[in-house]
Amino acid sequence: MLEFWTKVFVYAFEAYALLGVVFAALFVSLGVQRVDSEARASGVAFRLLITPGVAAFWPMLLGRWIRGVQEPPVERNPHRVKR
């Protein structure tokens, strides 16, 4: 039984990774400039640098791409709170 669930976990991880690699190829070539305006003039080196992170966090970036978010979110922490 443990072997079955281990295989299920591994296949799910492989599917997630495969979807991430496919999404990263599309996002790095087409979508990054739509989600982050600072990346519009970026070169090949920057796009290669962000590819592993895009593949890992593809569900979050896909959501931002679908919603059409233009700028990265502003971090909310005590240092940015105006009093």
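Note that the structure is a prediction, hence the values are computed from the model and not measured.

Caption draft 1: The arrangement of the overall build of the chain in detail. For the chain, the helix and strand inventory stands at three helices and zero strands. Secondary structure elements of the chain occur, N-terminal to C-terminal, as α-α-α. Relative to the compact-globule value of 12 Å for 83 residues, the chain shows a C-alpha radius of gyration of 17 Å, a clear excess of over 25%. If one aligns the C-alpha atoms of the chain with their principal axes, the spans along those axes are about 55 × 35 × 25 Å. Residue burial in the chain is summarised as follows: out of 83 residues, 22% are buried. A sequence separation of at least 24 residues applies to 67% of the contacts in the chain between residues at least 6 apart. Total accessible area on the chain is roughly 6,700 Å²; 70% of this is exposed by carbon and sulfur atoms. Both charge centroids of the chain, one from 10 positive and one from 6 negative side chains, sit 9 Å from each other.

Caption draft 2: Looking closely at the packing of aromatic side chains. According to the stated counting rule, one finds six aromatic pairs in the structure shown. Summarising the aromatic geometry, the rings of phenylalanine 27 and tryptophan 65 are spaced 5.5 Å apart at their centres and angled 75° between planes, so their arrangement reads as edge-to-face. Placement of the pair is phenylalanine 27 in helix H1 (residues 2–35) and tryptophan 65 in helix H3 (residues 58–67), with a sequence separation of 38 residues. Judged by relative accessible area, phenylalanine 27 falls into the buried class, the value being 3%. These aromatic residues form a ring-pair network of at least three members: Tyr16, Phe23, Phe27, Trp58 and Trp65.

Caption draft 3: Summary view of the pattern of salt bridges. Tallied over the full model, the rule gives one salt bridge. A salt bridge links lysine 7 to glutamate 3, with the nearest nitrogen and oxygen atoms 3.5 Å apart. Separated by four residues within a single helix, lysine 7 and glutamate 3 lie in helix H1, roughly one turn from each other. With a relative accessible area of 43%, lysine 7 lands in the partly exposed category. On the basis of relative accessible area, glutamate 3 is assigned to the exposed category, the value being 54%.

Caption draft 4: Molecular detail of the nonpolar core. Judged by nonpolar contacts, Phe23, Ala24, Phe27, Val28, Val32, Val35, Ala39, Ile50, Val54, Ala55, Trp58 and Leu61 together constitute the single largest core of 12 residues. For this core, the secondary structure elements donating two or more residues are H1, helix H2 (44–56) and H3. No other element matches H1, which puts six residues into this core. With residues up to four places along the chain from it excluded, the contact list for isoleucine 50 reads Val28 and Val32.

What counts, and at which threshold
Residues numbered from 1 in each chain as written. Predicted model: local features only at pLDDT ≥ 70, side-chain atom pairs only at ≥ 80, totals over all residues. Heavy atoms only, no water. Helix = DSSP H or I, 4+ residues; strand = E, 2+ residues; numbered from the N terminus. Rg over C-alpha atoms; globule rule 2.2 N^0.38 Å. Buried < 20%, exposed > 50% of the residue type's maximum accessible area, 1.4 Å probe, protein only. Contact = heavy atoms within 4.5 Å. Areas by Shrake-Rupley, 256 points an atom, 1.4 Å probe, with all protein chains shown as cover. Lys, Arg positive; Asp, Glu negative; His and termini not counted. Charge placed at Lys NZ, Arg CZ, Asp CG, Glu CD. Phe/Tyr/Trp six-rings, centres within 6.5 Å; stacked < 30°, edge-to-face > 60°. Salt bridge = Lys/Arg side-chain N within 4 Å of Asp/Glu carboxyl O. Core = buried A, V, L, I, M, F, W, Y, C linked by side-chain atoms within 4.5 Å.

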